[in-house]
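A closer look at the structure
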Amino acid sequence: MTQTAPTPTHLVQQRYRDPEPAQPTQWNPVLDVLYRHRSVRRYLTDPVTDDTLRLLISAAQSAPTSSNLQVWSVIAVRDHERKARLAALAGNQVHILQAPVLLVWTADFARLRQLAADRAAPLDGADYLESSYVGFIDAALAAQNAVVAAESLGLGTVYLGALRNNPEDVAAELNLPPQVFAVFGLLVGHPDPSEDARVKPRLPQGAVLHHETYDLVAQRDHVADYESRIAEFYAEQELSHSWTERVLARLASEESLNGRHRLRESLANHGFRLK
């Protein structure tokens, strides 16, 4: 029996768990891919080819980059033993071993440092916090382009912030020189249909969209509404989470950061001065 493709209205409803979603007045295939996004944590063994990888990276390089500095690089990790070592550094997440490729996105100032050294040119501006921000933001923009490209090809993805749990060890494993820092990982592969991963609902727009000025008080009711909507999603996934309890626990203490409380120190250890 042929399944009917979800309508734009259904996709909007799915994203917000809104029982009365607004009917989109505009739609196209790009929006269709964006609204279908879900994190995939179970993968088939099918490889991601070099041709596909090149396509994803060229899509990443099509993202905006501040002043065309292009201060990011990515390391594609396919070797099973290396992935296993990285998985051990990132909370032993099994899907790191399952996915055929792990992309490690870095803020990369080593390339510009080398360029400056070759010309005996100053590069003092790279030592400031602003420049580090640019590296992290550029890497994130590039990676998200790659995610959209991958999902448009039927591939699945999931980000790995846990690579920041042990930044020095990750750097050693990947032979990262000073001024190159692993910002996050991204798994890419063919989704295992048995996982039945669903689109996770997001906060209502009333909680995140402000007009002209910021209004904190107005968010409270929207957040409360979201708590009940996402509870339905968690129940379908046979999870007992409360979103409120989950986010508060995630930021409750130094221990809850799982080693990432050392981020400033780790960046300094890798040549980021953060003036």
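First things first, this report covers the structure right here in the doc. (Residues numbered from 1 in each chain as written. Predicted model: local features only at pLDDT ≥ 70, side-chain atom pairs only at ≥ 80, totals over all residues. Heavy atoms only, no water.)

Summing up its helical and strand segments, the protein has 12 helices and 4 strands in all. Taking 275 residues into account, the globule formula puts the C-alpha radius of gyration at 19 Å, and the protein, at 21 Å, falls close to it. Seen along its three principal axes, the alpha-carbon backbone of the protein occupies a region of about 60 × 50 × 40 Å. Scored against the burial criterion, the 275 residues of the protein give a buried share of 37%. In the protein, 27 side chains carry a positive charge and 33 a negative one; their mean positions are 3 Å apart. (Helix = DSSP H or I, 4+ residues; strand = E, 2+ residues; numbered from the N terminus. Rg over C-alpha atoms; globule rule 2.2 N^0.38 Å. Buried < 20%, exposed > 50% of the residue type's maximum accessible area, 1.4 Å probe, protein only. Lys, Arg positive; Asp, Glu negative; His and termini not counted. Charge placed at Lys NZ, Arg CZ, Asp CG, Glu CD.)

A surface patch of positive charge is lined by Arg41, Lys200, Arg202 and Arg246. Within the secondary structure, Lys200 is located in the loop between strand E4 (180-189) and helix H9 (205-208). (Patch = residues over 30% accessible without salt bridge, like charges linked within 9 Å, V, L, I, M, F, W, Y side chains within 5 Å. Areas by Shrake-Rupley, 256 points an atom, 1.4 Å probe, with all protein chains shown as cover. Salt bridge = Lys/Arg side-chain N within 4 Å of Asp/Glu carboxyl O.)

This part takes up the pairing of E4. E4 sits mainly inside the fold: 10 of its 10 residues count as buried. Sheet topology note: the strand E2 (residues 101-108)/E4 ladder contains 8 bridges and is antiparallel. Bridge pairing links Leu102 to Leu187 in E4. Bridge analysis of strand E3 (residues 156-160) against E4 gives 5 bridges, and the strand direction is antiparallel. Along E4, the bridge assignment pairs Gly156 with Gly189. (Pairing = 2+ DSSP bridges.)

Okay, helix H8 (residues 167-174) next. Helical periodicity: at 3.6 residues per turn, an α-helix aligns residues three or four positions apart in one direction. When H8 is considered as a whole, its buried residues turn out to be Pro167, Val170, Ala171, Glu173 and Leu174. Around the axis of H8, the buried residues are gathered within 160° of arc, so they sit on the same side. Contact partners of the buried residues in H8: strand E1 (72-77), helix H4 (80-89), E2, E4 and helix H12 (263-269). In the stretch just after H8, Asn175 is the one whose phi turns positive, near 55°. (Arc of directions from axis to C-beta. Contact = heavy atoms within 4.5 Å.)

We now examine H4. Taken residue by residue, H4 has Lys83, Leu86, Ala87 and Leu89 as its buried positions. Seen end-on, H4 carries its buried residues on one side only, within an arc spanning 155°. The elements touched by buried residues of H4 are E1, helix H5 (94-98), E2 and H8. One side-chain oxygen at the N-terminal end of H4 lies 3.2 Å from the backbone nitrogen of Glu81; it belongs to Asp79. Trailing H4 by a residue or two, Gly91 shows a phi angle of about 80°, which is positive. (Polar contact = N/O pair within 3.5 Å; in protein donor to acceptor, adjacent residues only side chain to side chain.)

Take the pattern of salt bridges next. As enumerated under the stated definition, the model contains 15 salt bridges in all. When salt bridges with common partners are traced through the structure, they connect Arg17, Asp196, Arg198, Glu232 and Glu236 into a single cluster.

Remark: the centre distance and the inter-plane angle together describe each pair of aromatic rings, the angle taken between the planes. Following the criterion strictly, the structure yields 8 aromatic pairs and no others. For the pair Trp72 and Trp105, a centre-to-centre distance of 5.4 Å together with 40° between the ring planes defines the contact as tilted. You can see Trp72 sitting in strand E1 and its partner Trp105 sitting in strand E2, a full 33 residues away along the chain. The two residues Trp72 and Trp105 agree in class, both being buried. For the ring pair Tyr226 and Trp243, a centre distance of 5.1 Å and an interplane angle of 85° mean the geometry is edge-to-face. (Phe/Tyr/Trp six-rings, centres within 6.5 Å; stacked < 30°, edge-to-face > 60°.)

Phi at Ser67 takes a positive value of approximately 55°, unusual for a residue other than glycine. By secondary structure assignment, the location of Ser67 is in the loop between helix H3 (50-60) and E1. Despite not being glycine, Asn258 shows a phi value in the positive range, around 55°.

Turning our attention to the side chain of Glu173. Residue placement: Glu173 occurs in helix H8. A polar atom in the side chain of Glu173 sits 2.8 Å from the side chain of Arg85. Setting aside chain neighbours within four positions, we find Glu173 in contact with Arg82, Arg85 and Leu86.

Another aspect to go through is the nonpolar core. A general feature of soluble globular proteins is that nonpolar side chains tend to end up buried together. Among the nonpolar cores identified, the biggest contains 23 residues, and Ala60, Trp72, Leu103, Trp105, Leu186 and Val188 are the most heavily contacted of them. Mapped onto this core, the elements with two or more residues apiece are H3, E2, helix H7 (129-152) and E4. At 7 residues, the largest contribution of residues to this core is made by H7. The residues contacting Leu186, other than those within four sequence positions of it, are Val101, Leu102, Leu103, Trp105, Ala143, Val147, Thr157, Val158 and Tyr159. Counting 22 residues, the second-largest nonpolar core is a separate cluster that includes Ala87, Leu89, Ala162 and Val180. (Core = buried A, V, L, I, M, F, W, Y, C linked by side-chain atoms within 4.5 Å.)

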